[in-house]
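Given next are the chains, with one letter for each unit.
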Amino acid sequence: MNQKLSRRGQILGFILLLAGTASAQSLVVSTMSLTGASPAGVAVGADGNCYFAVPAVSVIWKMSPTGVIQVLAGQVGVSGSTDGPAASALFVQPTGIAVDISGNVYVADPGNSTIRMITPAGMVSTLAGIPGVLGSHDGPGSSATFQLPDAIAVDATQNVYVADGQNMSIRKIDTTGNVSTLATINEGLGYSLQGISMDSAGDIFVSSGTFAGGYATFQAPPAANVIYKRSVAGAVSLFAGQLFVTGSSDGPGAQASFNNPAGLAMDAAGNVFVADSGNRILREITPAGVVTTVAGTAGFAGVVDGSGNTSRFQAPWGLAIDAYGNVFATDGQAVRRGIPEVNTESPTRFVDLSARAMVTPTSPLIGGFVVEGTVAQTVLARGVGPTLSQFAVSNPLQSPQLDIYGQNGALVASSIAGTNAINSGSAGKLAGAFSLPVGAGDVAVVITLKPGAYTAVVSSPGGGSGTALVEVYEIP
């Protein structure tokens, strides 16, 4: 528990036990953020930060594990190809994004037909390509050319792999900056590679569908709707889907069908996850090529949280998977998270952990809890005051504040910052919590926490006293 809190208060303890590892399971989907813009590619760093390419405003976003979004690089609404400090750098409708083990962020910048890199120190450089020059030339990065590169991936040794959009090519940028073409796929003019991922053995997977970028000069129906595999030996094969066939069938790869597959991501077990944008669903393909729908229902649109086919998506595009097996998807103006159902199950599971006590200006209510296991868990934490009057509680605290601290005493979330508070209503419905009236003055945060010890602190910053309730719900 957090012993760094020096304020005297009501101290209560409880444990949130979670265990399990990711496997072929339906995803339990929750909405992390409603962004106000439409991010495309997404990547997750080892530190838990999410990175997004936002083509409409030509910037790169960074979202902290507590849900705080800020501009990492670029200038909102200003396009260009300027390198240098992140705040003055310019992009043109960036889409794909990846992050390496050192924290370097790589960006597919198709409006410039270049590949860019952002260092942890915030310096932007052009890794390969010539701004504004289209082509398919291999060689040193400064002379190599691309044609609307759309997606990007990076391996453990920091080689970069590019789905070179309308060249229909898989390109590699090695650690010396040299560009080579690993494979070219011939589907005819008007098609584009839209997603790329790779497994630990070095096999590369790319998706092909109807190109949806605003800078596309042409589109050629019918959509390709397939996932290709390029083996380490260099052989290219159709891994899943039926070329030029639109559908949503699950099953063996050759019998499955897709509708404009976009982002791809790989989990530790070698399963390929697909943002099946036109079907508004997320799919999973096993190493053997068997396709399963793991979230959403084909043809049903919405931003609805829930488990498996009860969830709804608008048009999922970018995908990433973190070290815990959680799946992150960009979905219109929303950022969604899918947790494999196995990650929400364990032999012992406490769903609603709560305690009530009197809070004064000098005596907060402090509830300790532990997230155990090997996977991160999304929780809803609430500080309830005014709504307690509905349950015949006398003298409820009128203006509570809720803060979440880690075991080292660091503040990780606060109701002052409104950490994903907009999603607390839908999160409460998923968890079975009683509803909090809008505007009543109660506070809540939705946050994903890594395994460890935490404290939820309800205080009275306004100086009042009253009874308060602290709650922590596991979001299933």
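Asker: I keep staring at the overall build of the protein chain and nothing clicks. Help me out?
Answerer: Along the protein chain, the regular secondary structure elements total 1 helix and 37 strands. By the burial criterion, 58% of the 476 residues in the protein chain qualify as buried. Within the protein chain, counting contacts between residues at least 6 apart in sequence, those at least 24 apart form 58% of the total. With the model as given, the accessible surface of the protein chain reaches about 17400 Å², and the carbon-plus-sulfur share is 54%.

Asker: What should I look at first to understand the sheet that holds strand E4 (residues 50-54) in this one?
Answerer: Backbone-to-backbone hydrogen bonds pair the strands of a sheet. The strands run either parallel or antiparallel. Spatially, the 4 strands line up as an open sheet ordered E3-E4-E5-E6, and their pairing is antiparallel. The strands lining the two open edges of the sheet, one partner per strand, are strand E3 (42-44) and strand E6 (69-73). Neighbour to neighbour, the strand axes of the sheet diverge by 30 degrees on average, direction disregarded.

Asker: Help me out: how do you make sense of the sheet that holds strand E15 (residues 169-173) in this one?
Answerer: Pairing in this open sheet of 5 strands is antiparallel, and the strands run E12-E16-E15-E14-E13 from one edge to the other. A strand with exactly one partner marks an edge of an open sheet, and here the two such strands are strand E12 (139-140) and strand E13 (151-154).

Asker: What is the right way to look at the pattern of salt bridges in this model?
Answerer: Once the charged atoms of two side chains with opposite charge are near each other, the side chains can pair. Under the counting rule described, the total for this entry stands at 9 salt bridges. Where arginine 116 meets aspartate 83, a salt bridge forms, and the shortest distance between an N and an O atom there is 2.9 Å. Of the two residues, arginine 116 is situated in strand E10 (residues 114-118) and aspartate 83 in the loop between E6 and strand E7 (84-85); the sequence distance between them amounts to 33 residues. Linked through salt bridges whose partners overlap, the residues forming this network are Asp83, Asp109 and Arg116.

Asker: Whenever I open this one, the packing of aromatic side chains confuses me. Can you help?
Answerer: For any two aromatic rings, the description comes down to two numbers: the centre-to-centre distance and the angle of the planes. A complete count under the given rule lists 4 aromatic pairs for this structure. Ring centres of phenylalanine 369 and tyrosine 454 lie 5.6 Å apart, and the angle between their planes is 25 degrees; this geometry places the pair in the stacked category. A residue pair is termed long-range when its members are at least 10 positions apart, and phenylalanine 369 in strand E31 (residues 365-371) and tyrosine 454 in strand E36 (residues 452-459) qualify at 85 residues. Considered together, phenylalanine 369 and tyrosine 454 belong to a single accessibility category, that of buried residues. Taken together, a centroid distance of 5.1 Å and an interplanar angle of 65 degrees make the contact between phenylalanine 391 and phenylalanine 434 edge-to-face. Here the residue phenylalanine 391 occupies a position in the loop between strand E32 (377-384) and strand E33 (401-406), and phenylalanine 434 occupies one in the loop between helix H1 (424-431) and strand E35 (443-449), the gap between them amounting to 43 residues. Look at phenylalanine 434 and you get partly exposed, because its relative accessible area is 26%. The side chain of arginine 171 reaches across the aromatic face of phenylalanine 146, ending 4.7 Å from its centre. Cation over ring: arginine 336 sits above phenylalanine 313, and NZ or CZ is 4.8 Å from the ring centre.

Asker: What is the right way to look at the nonpolar core in this model?
Answerer: The biggest cluster of nonpolar side chains holds 22 residues, and the ones touching the most others in it are Phe369, Leu402, Ile404, Leu449, Ala456 and Val458. Of all the secondary-structure elements, those providing two or more residues to this core are strand E30 (352-359), E31, E32, E33, E35, E36 and strand E37 (466-474). In terms of residue count, the dominant contributor to this core is E35 (4 residues). Ala153, Met168, Ile170 and Leu193 belong to the second-largest nonpolar core, a separate cluster that totals 17 residues.

Asker: Would you explain the confidence of the model for the protein chain in this entry?
Answerer: Regions with low pLDDT should not have their predicted coordinates read in detail. Mean pLDDT over the protein chain works out to 87, with 89% of the residues at or above the 70 mark. Predicted confidence is poor over residues 1-24, with pLDDT under 50, and the contacts of this stretch with residues over four places away or in other chains come to 88 contacts. Confidence drops under pLDDT 50 across residues 211-220; counting only partners more than four residues distant or on other chains, this segment forms 25 contacts.

Asker: It is not clear to me how the pairing of strand E17 (residues 191-198) should be interpreted in this structure. Could you clarify?
Answerer: The side chains of a regular strand alternate between the sheet's two faces. The element E17 is extensively covered by neighbouring structure, given that 8 of its 8 residues are classed as buried. Note: E17 against strand E18 (residues 204-210), 7 bridges, orientation antiparallel. The residue of E18 that forms the bridge with tyrosine 191 is threonine 210. Joining the antiparallel neighbours E17 and E18 is a turn of 5 residues, in which glycine 202 adopts a positive phi near 100 degrees.

Asker: Would you explain the pairing of E15 in this entry?
Answerer: The element E15 is largely enclosed, with a buried count of 4 among its 5 residues. Bridge count between strand E14 (residues 160-164) and E15: 5 bridges; the pairing is antiparallel. Bridge pairing in E15 places aspartate 164 opposite serine 169. The hairpin formed by E14 and E15 contains 4 residues between the paired strands, and methionine 168 there has a positive phi angle of roughly 50 degrees. In this structure, E15 lies alongside strand E16 (residues 178-184), joined through 5 bridges in antiparallel fashion. The residue of E16 that forms the bridge with isoleucine 173 is valine 179. Connecting E15 to the next strand, E16, in antiparallel fashion are 4 residues, including glycine 177 with a positive phi near 90 degrees.

Reading the values: rules and limits
Residues numbered from 1 in each chain as written. Predicted model: local features only at pLDDT ≥ 70, side-chain atom pairs only at ≥ 80, totals over all residues. Heavy atoms only, no water. Helix = DSSP H or I, 4+ residues; strand = E, 2+ residues; numbered from the N terminus. Buried < 20%, exposed > 50% of the residue type's maximum accessible area, 1.4 Å probe, protein only. Contact = heavy atoms within 4.5 Å. Areas by Shrake-Rupley, 256 points an atom, 1.4 Å probe, with all protein chains shown as cover. Pairing = 2+ DSSP bridges. Axes fitted to C-alpha atoms, helices over the stretch in contact; angles between N-to-C directions. Salt bridge = Lys/Arg side-chain N within 4 Å of Asp/Glu carboxyl O. Phe/Tyr/Trp six-rings, centres within 6.5 Å; stacked < 30°, edge-to-face > 60°. Lys NZ or Arg CZ within 6 Å of the ring centre and 35° of its normal. Core = buried A, V, L, I, M, F, W, Y, C linked by side-chain atoms within 4.5 Å. pLDDT = per-residue confidence, 0-100.

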